[in-house]
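So the chains spell out like this:
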Amino acid sequence: MSNKHDLLEDKKIPLNILFKRTWKYIAQEKGAFILSLLLIIVTVFLGVILPRLTGYYTDYIASSAPKLNMILILAFGALFLTLLTQLFVYLETMILTKAGQRIVYSLRMVVFEHIESMSQNQFNDMSVGSLVTRVCNYTSQLSEFFTNVLVKIIKNLLTVIIVYIWMMVLSYKLAAVLSIVVVFIFIISYIFSINIHKVYTKERKQISDLNTYLNESISGMRIVQLFQQEKKFEKVFDKKNNDYFKTKYMVTIVFSGYRPLVSFIYIASIALVIYFGCKYNLGVGVIVSFYLFLDFFFEPVQQLADQLNQITRAISAIERLYNLLDLEPEVVDTPEAIEVSHFNGKIEFSHVKFAYDNENYILDDVSFVINPGETAAFVGATGAGKSTILNLIVRNFEPQSGHIYIDDIDIKDIKLSSLRRLTGQMLQDVFLFSGTIKENITLFDDSYTDEEVWDAIKYVNADKFIEHLENGLETKVIEKGENFSTGQRQLLSFARTILHKPQIMILDEATANIDTETEIAIQSSLNKISNIGTMLVVAHRLSTIQNADQIIVIDHGHILEQGNHQELIAKQGYYYNLYKLQFDK
Ligand SMILES: Nc1ncnc2c1ncn2[C@@H]1O[C@H](COP(=O)(O)OP(=O)(O)OP(=O)(O)O)[C@@H](O)[C@H]1O
Ligand SMILES: [Mg+2]
């Protein structure tokens, strides 16, 4: 089990390994990449021919006797070249974007499947926010990289190289002068890019902070108003708002310095071209070509500086994704794990010790046996460890020591899929997905018929309220089920558990928010369900569990008392006192 803070720690992965792992995904799209690389090379060539052609035209037109026919041919030639270039640009963009998106699609799938395989304890150790950020941000950063950045890097690099070679051919002296400009522009752009991204990162963090705070304040506005804390919340909001404002202002400052500087260097370069062009006697055509070439490498060089930065960020994004993928699922099937199709329902805890954090033992040497067909009830103060015991049975968590057996098989040797299919767990905190009532009960499994769903609903007496809903089973459930009462949510979750026909039923405060009359009705129908072997129940209302075959009293992770209702009453201990308290009410 892992420590809270190092679970999502960023670990460095050597570049070669990073590349090897990513190659697996890139290789799927090898064909697309090679094809688009060829297209890119062609478009870059076609692109840089134009400035040089324009140079020739200029010379021709400036010559003594230009012929109209020839000019027309030249003009249409240029038009045709441009058209061809754009067609190729279109093709390469389509092919590369699709390939890039497919890579990111596979990565996203792999990450999602990985998250599904992780155990509850691992979720316990990382914040949902950071997990969501990881999956969303990093995959979208990679998506951007593969679809946009990569093409542009290749294109820009090729353009700069070809243009430069051509300039060297035309006049190596002028090319040498301009190379100083290139280096200068690159350095300035690189520094700019680093700074602007720092500010952007800060901006993103601050806006997300601001939104989170806004979200929380609005959700909790009822409490804020009730306790008249508006001014205090306003102050915090003001600070966050102000921070964001300052960062936004920084963005403007950084940009407003960079843009004029680049423009100035551009104009200065034109001056250099004209000055040295005349000085070295290069002729109008060459000078025009150089002038147009300037445009061709100014942009790419600026972009390359930024792209160098984007490569660094893509590397760190993929590194973090791999960090997440490298987290081994804690609860996995052993190679010897067996498939089980039926449980009689004997459950045994043998000297089980468990701590969520590896240090503070929540369960300390817990042993008990529940026989097939029995109903066992767990009783104890809040925080005693009742839910923890139930969680261990379905291997949401793994005990540090001791064993848990179902039908005398160690649950570690049972396939997780079997274990979870045969046990129905109704958790203390009900979770509903956004969707319809039916989808929430079937968990989006279309193989259940409406009759089966209604049967489950009737078992838990939820038909009384669902029948009154205009859209019945198709009624929409909004986020977290907020359009239903707490008790109704429990009934829906109860129906979900029943529908999946468990052989061991785990009910953690399943009826805590349901009125007594409905609760009694549910209990009597539960007794009629034949597929349920053993039932484990936690309830604070003792009336619910009086008829249980055994009552296990938990206190600070120990078993304090154990027996049926009569035995425990006779004992006059913890349970007796608890019962008297509730009874006297
Ligand atoms: N996910 C968790 N991570 C860390 N500690 C936990 C976690 N869940 C429970 N605990 C701790 O374990 C102890 C036992 O919790 P548990 O939920 O088993 O109590 P319980 O008996 O079910 O209480 P209640 O009657 O309130 O439901 C508590 O002290 C709680 O702080
Ligand atoms: Mg509990």
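Conventions we followed
- Residues numbered from 1 in each chain as written.
- Chains lettered and ligands numbered in written order.
- Predicted model: local features only at pLDDT ≥ 70, side-chain atom pairs only at ≥ 80, totals over all residues.
- Domains from an automatic or database assignment.
- Pairing = 2+ DSSP bridges.
- Helix = DSSP H or I, 4+ residues; strand = E, 2+ residues; numbered from the N terminus.
- Contact = placed C-beta atoms within 7 Å.
- Axes fitted to C-alpha atoms, helices over the stretch in contact; angles between N-to-C directions.
- Parallel < 35°, antiparallel > 145°, perpendicular 65-115°, else oblique.
- Left-handed = near helix turned anticlockwise from the far one by under 90°.
- Near = placed C-beta within 6 Å.
- Nonpolar A, V, L, I, M, F, W, Y, C, P; charged D, E, K, R; others polar.

## Considering the domain arrangement of the chain
- Looking at the chain, the domain boundaries give domain 1 (15-325) and domain 2 (347-584).
- Of note, the centres of domain 1 and domain 2, computed from C-alpha atoms alone, are 55 Å apart.

## Things to note about the sheet that holds strand S5 (residues 409-410)
- One open sheet holds the 4 strands; their spatial order is S2-S1-S4-S5, and the pairing between them is antiparallel. Because the sheet does not close on itself, it has two edges, and the strands there are strand S2 (363-370) and S5.
- As paired strands, strand S4 (residues 401-406) and S5 are joined by 2 bridges and run antiparallel to one another. Of the residues in S5, the one forming a bridge with Ile406 is Ile409.
- Running at roughly 115 degrees to strand S1 (residues 347-354), helix H10 (residues 386-393) makes contact with S1, S2 and S4 of the sheet.

## Focus: the packing of helix H6 (residues 172-219) against helix H8 (residues 230-279)
- As a packed pair, H6 and H8 sit with axes 9 Å apart at the nearest point and diverge in direction by 165 degrees. As the angle between them shows, H6 and H8 are arranged roughly antiparallel. Note on packing geometry: the crossing formed by H6 with H8 is left-handed.

## What to know about the environment of Leu324
- By the element assignment, Leu324 lies in helix H9 (residues 284-325).
- Each C-alpha atom of the pair Leu324 and Gly55 lies 55 Å from the other, and the pair is 269 residues apart in sequence.
- When residues no more than four places from it in sequence are discounted, the contact partners of Leu324 are Val111 and Arg134.

## A look at the site of ligand 1
- Ligand 1 sits among Asn124, Tyr356, Ile362, Gly380, Thr382, Gly383, Ala384, Gly385, Lys386, Ser387, Thr388 and Gln428.
- With 3 residues, H10 is the single largest residue contributor to the shell around ligand 1.
- Of the residues that constitute the shell around ligand 1, the class distribution is 3 nonpolar, 8 polar and 1 charged.

## Considerations on the packing of H8 against H9
- The contact between H8 and H9 brings their axes to 10 Å, and the two run at 155 degrees. If you check the angle between H8 and H9, you find them roughly antiparallel. Seen from above, H8 lies across H9 with right-handed handedness. Contacts between H8 and H9 pair Val262, Tyr266, Ser269, Ile270, Val273, Ile274 and Gly277 from the former with Val286, Ile287, Phe290, Tyr291, Leu294, Phe298 and Gln302 from the latter.
- Taken together, the residues that form the contact of H8 with H9 break down as 11 nonpolar, 3 polar and no charged.

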